[in-house]
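# Results of the structural survey
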Amino acid sequence: MKQNKYQSEEEVTNTTGDGDFDAGRLERMRAYLHEDYLAIYEIDVKTGLYVTILNSTDSESVAVPYSGNYKYEIIEGLFSEYVSRGHLGELINISDSDNLVRVLSVEKRTEYEFETATGSGEWRKVVFSGAYYDESGKPEKILVAFSKINESTGERLRKQQEIVEAFRKEQELSEVRMEFISRMSHDIRTPLNAIVGMTMIAHNDISNREAIEDCLTKIEVASDQLLALVNDLIDIDKAEIDKQKVANEPFDLAEVVESVCMVAEPMAKAKRHILDVSTENIKHEMVSGDVQRILRIVNNLVSNAIRYTPDGGRISVVFKEEGECDDGRFNYKVVITDNGYGMSEDFLSKIYDPFIRGTDRRVQDESGTGLGMAITRNLVELIGGTIDIQSEQDVGTQVTVEFPLTIYRMGTVIVPAPVVSNGILVLCNQDMCEHRRCTASGRCFKEVFEEQGIPVDTATSIDSARFMIDAKKTKNSNYYAIIINAKQYTETMGDMAIKLRMYAGAFVPIVLITDRDALAIELDARSKGVNFFLKRPVFVKNIVGIFQKIEEQQIDEKEVEQKRLPNCVGRRILVAEDNDVNAQILVAILSTSGAVIDRVSNGEEAYKMVKDNPSDWYDLILMDIEMPIMNGYEATRAIRLLENDTNYRRTIVAMTANAFSSDAVKAREAGMSDHLTKPIQIDKLSEVLRRYM
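We now turn to the structure provided with this report. Keep in mind it's a predicted model, so treat the numbers as computed, not measured. (Residues numbered from 1 in each chain as written. Predicted model: local features only at pLDDT ≥ 70, side-chain atom pairs only at ≥ 80, totals over all residues. Heavy atoms only, no water.)

Here the focus is the overall build of the chain. Along the backbone of the chain there are 25 helices and 23 strands. The long-range share in the chain, meaning contacts at least 24 apart out of those at least 6 apart in sequence, stands at 65%. Split by element, the accessible area of the chain, about 36900 Å² in all, is 50% carbon and sulfur. (Helix = DSSP H or I, 4+ residues; strand = E, 2+ residues; numbered from the N terminus. Contact = heavy atoms within 4.5 Å. Areas by Shrake-Rupley, 256 points an atom, 1.4 Å probe, with all protein chains shown as cover.)

Here it is, written out as structure tokens:
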């Protein structure tokens, strides 16, 4: 606090020669006032200085000099420490010298009741009154007096304040609630109308396969929208509940990028956006962390960028590896940039508040709950990351998310033996090689292949490629595959593919690197001899995946096979599911595998079925979690206790509607072998059967 010329009563009385504040007068005034007042200060309006007439123990904890500048010591000093935040602003306005002169020239006295900053609910009153007036009736000196409020009055004021505050908050909450309900009603009904309408159309045109497929596609999209809304409502509280349950599981960044693209591309295409997904310096593709939360974060931010950008905009998503952190983990960054509506500074300051949406009409027209950014920030903080948003209205927005990941080392990637023996030919555009933009790591294909122990030749023209192919043929050999990498697929590139097919023969696979969403390109390229396609950004995993596809040569058949249940004839499965409809569907699907299916309705029945049969009676138990009498966790624990005597461990797979990573952790803690999310997907169920049967 600012120091002043006079710090004590003695200094003041010794320097006031006119006798206005002699010691005797002060004592007489105090004797008269101390019963009713805690502190009294006299302010000289012209000089802005004050002197203390009375100061009791009530405000001794606030260091107020005996005299000094009224504005600095009383208003900015005493008030800021003594008065509650809820009353401080109003009292400062009332206490302004100019305001007091104006009011006291008319009313002679004004007062204000306030709650103290002690937090104990104590109330005080401050009285302002004119002490000396000039000839025009304006006060030259003003008394500022603090007094206690009796207990009953204080309680009344406290309750009154609580009522006012509660009413204000209820009004705000009511307005937010009504806006939220109105928005949710619209956002929920929109996909519901699509689902109902497309179902009716499908029923009315049941014989038209093309129309049915179109309806099913639209129903699937609408269902995803509806599910996203439900997830938002659940996740705003779920993130708080699961703060200590951060997963640390190995995953491949290639799958994350692919998943983000799969979600974003249809949305971007619908609004005619240019979507550019790229990578920088991704040297470590296999990492460990909470992949589900990372996906939720990135998907939410990318979908926001797409939705809040006018049609025909540009969205950029860049995944970066930034280097090692202090704790040995590596820092990864995702930068999402758009040229959309942008945000005002005012909205940007409260963007993480639940239910808050921008007032821009263009934003209001887009569906949304106002929960997305609150959820996103919660998730970012849970994984130990940071989020930064830079935005300018009508210019665009850039969101940067950073988070640490552990490098997950799995050893050398295994590639088919023919790749190593025959090698690869890469026909690469010179510009792509020079700028090192071939792969996710920023390295050219030659470096990546040689790192995997694969011989590689590179050509920058069709003539040099032909020379290398002919050189192989003179040794009675040929390349395992030819990869064409160019910045853009042009008619010239199509002609090049035809020539490569002629030179290499009918059986050498040709792989084309394309941008994403290049269906038309793929159709043209296939007609000119291209067999397989790699989409940018290209990860090592993608390359190995192509080799695997080349080995199998039947991509479509493989995908169909993955969705078909394996042959389980002679095997027995126990299904514990309390919902009759769900059980009927699941039993019907499982029956196509040839297995014998037993079904029970609760965990206790499942326990009895296991107990009353030989230990190897069931090859697989599918256990619903939410069941009456005994839930899935309890039933699993009881079954595991039985196994202590038989030394035989059964395969128990959880079935739950909760898709959170923490639920998978709970299932394993209860002794379950694996975890399936409802509604059960056939390909996931097929994976479980192949894995355990």
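Structure shown, so let's carry the discussion forward.
A word on the nonpolar core. Phe319, Tyr332 and Ile387 are the most contacted members of the largest nonpolar core, which has 46 residues in total. Mapped by element, the contributors of at least two residues to this core are α8 (253–270), α9 (291–307), β10 (314–324), β11 (330–338), α12 (372–382), β12 (386–392) and β13 (396–407). In terms of residue count, α9 provides more of this core than any other element does, nine residues in total. Each residue touching Ile387, except ones within four places of it in the same chain, is listed here: Leu301, Tyr352, Met373, Thr376, Arg377, Val380, Val399, Thr400 and Val401. Judged by nonpolar contacts, the second largest core, of 26 residues, contains Tyr41, Leu78, Val83 and Tyr112. (Core = buried A, V, L, I, M, F, W, Y, C linked by side-chain atoms within 4.5 Å. Buried < 20%, exposed > 50% of the residue type's maximum accessible area, 1.4 Å probe, protein only.)

An order of β3-β2-β1-β6-β5-β4 is seen for the six strands of this open sheet, with the pairing classed as antiparallel. Each end of this open sheet is capped by a strand with a single partner; those strands are β3 (67–69) and β4 (109–115). Taken pair by pair, the neighbouring strands of this sheet meet at an average axis angle of 25°, ignoring direction. Note that β4 and strand β5 (residues 123–133) share seven bridges and pair antiparallel. In the strand pairing of β5, Thr110 is matched with Phe128. Where helix α3 (residues 70–82) meets the sheet, its contacts fall on β1 (39–44), β2 (49–55), β3, β4, β5 and β6 (139–148), and the angle it forms with β3 comes to roughly 100°. Together, β4 and β5 form the strand contacts of helix α4 (residues 85–95), whose direction differs from that of β4 by roughly 165°. (Pairing = 2+ DSSP bridges. Axes fitted to C-alpha atoms, helices over the stretch in contact; angles between N-to-C directions.)

Take the packing of α3 against α4 next. How two helices sit against one another is set out by the angle between their axes and by the gap between those axes. Relative orientation of the contacting elements α3 and α4 amounts to 160°, with a least axis distance of 10 Å. What the angle tells us is that α3 and α4 run roughly antiparallel. Like other packed secondary-structure pairs, α3 and α4 cross with a definite hand, here right-handed. Listed contacts from α4 to Tyr70, Ile75, Phe79 and Ser80 of α3 are Arg85, Leu88, Leu91, Ile92 and Ser95. Each residue belonging to the contact of α3 with α4 can be placed in one class, and the counts come to six nonpolar, two polar and one charged. (Parallel < 35°, antiparallel > 145°, perpendicular 65-115°, else oblique. Left-handed = near helix turned anticlockwise from the far one by under 90°. Nonpolar A, V, L, I, M, F, W, Y, C, P; charged D, E, K, R; others polar.)

What follows concerns the sheet that holds strand β17 (residues 510–514). Taken in spatial order, the five strands line up as β15-β14-β16-β17-β18 in an open sheet, and their pairing is parallel. Only two strands of the sheet have a single partner each, and these edge strands are β15 (456–459) and β18 (532–535). Strand-to-strand twist across the sheet, computed as the mean angle between neighbouring axes with direction ignored, equals 20°. The pairing of β17 with β18 spans four bridges and is classified as parallel. Looking at β18, one finds that Ile513 is bridged to Leu534. Along the sheet, helix α19 (residues 540–552) contacts β14 (424–428), β16 (481–485), β17 and β18; its crossing angle with β18, the most-contacted strand, is approximately 170°.

So, on to helix α23 (residues 632–646). Taking 1.5 Å per residue, 15 residues should reach 21 Å; α23 reaches 21 Å between its end C-alpha atoms and fits that length. Buried within α23 we find Gly632, Tyr633, Ala635, Thr636, Ala638, Ile639, Arg640 and Glu643. Of the residues flanking the end of α23, it is Asn647, one or two places downstream, whose phi is positive at about 60°. (Expected span 1.5 Å × (residues − 1).)

Another point: the packing of aromatic side chains. Applying the stated criterion across every chain, the model contains seven aromatic pairs. Between Tyr480 and Phe547, the ring centres sit 5.8 Å apart and the planes meet at 80°, which makes this aromatic pair edge-to-face. Of the two residues, Tyr480 sits in the loop between α16 (462–473) and β16 while Phe547 sits in helix α19, which places them 67 residues apart along the sequence. For the pair shown, Tyr480 and Phe547 are each scored as buried. (Phe/Tyr/Trp six-rings, centres within 6.5 Å; stacked < 30°, edge-to-face > 60°.)

A few words now on the pattern of salt bridges. All told, the structure shown has 19 salt bridges when counted by the stated rule. The salt bridge involving Asp311 is made with Lys271; its shortest N-O contact spans 3.9 Å. With a gap of 40 residues between them, Asp311 in the loop between α9 and β10 and Lys271 in the loop between α8 and β8 (274–280) connect regions that are remote in the sequence. Overall, Asp311 belongs to the partly exposed group, its relative accessible area being 44%. The residue Arg650 makes a salt bridge to Glu643 at a minimum N-O spacing of 3.3 Å. Each member of the pair, Arg650 as well as Glu643, is classed as buried. A single network of salt bridges, built from pairs that share partners, joins Arg109, Glu111 and Lys125. (Salt bridge = Lys/Arg side-chain N within 4 Å of Asp/Glu carboxyl O.)

Structurally, His87 can be placed in helix α4. For His87, a relative accessible area of 5% translates into the label buried. For the pair His87 and Tyr112, spaced 25 residues apart in the sequence, the C-alpha separation amounts to 9.6 Å.

This brings us to the environment of Ala39. Along the chain, Ala39 turns up in strand β1. Taking relative accessible area as the criterion, Ala39 reaches 3% and is therefore assigned buried. Separated by 16 residues in the primary sequence, Ala39 and Asn55 place their C-alpha atoms 4.2 Å from one another. Every residue in contact with Ala39, bar those within four places of it in the chain, is listed here: Leu54, Asn55, Val144, Ala145 and Phe146.

With that settled, the discussion passes to the pairing of strand β9 (residues 286–289). As paired elements, strand β7 (residues 249–252) and β9 share four bridges and run antiparallel to each other. In the strand pairing of β9, Asp252 is matched with Met286. The sheet contact formed by β9 and β13 spans two bridges and is antiparallel. Paired with Ser288 across the two strands is Thr406, which belongs to β13.

Positive phi outside glycine occurs at Asp394, with the angle close to 65°. Along the polypeptide, Asp394 turns up in the loop between β12 and β13. According to the relative accessible area criterion, Asp394 is exposed, its value standing at 54%.

This part covers the side chain of Asp290. Along the chain, Asp290 turns up in the loop between β9 and α9. Asp290 sits in the buried class, given a relative accessible area of 4%. Separated by 3.0 Å, the side chain of Asp290 and the backbone nitrogen of Ala247 make a polar contact. (Polar contact = N/O pair within 3.5 Å; in protein donor to acceptor, adjacent residues only side chain to side chain.)

A few words now on the pairing of β1. Counting buried positions along β1 gives five out of six residues, so the element sits mostly inside the fold. Bridge count for β1 against β6 is six bridges, and the pairing is antiparallel. Bridging across to β6, Ala39 finds its partner in Phe146. For β1 and β2, the ladder comprises five bridges, and the chain directions are antiparallel. When the bridges of β2 are listed, Glu42 appears paired with Val51. Linking β1 back to β2 in an antiparallel pair, the connection comprises four residues, with Gly48 at a positive phi of about 80°.

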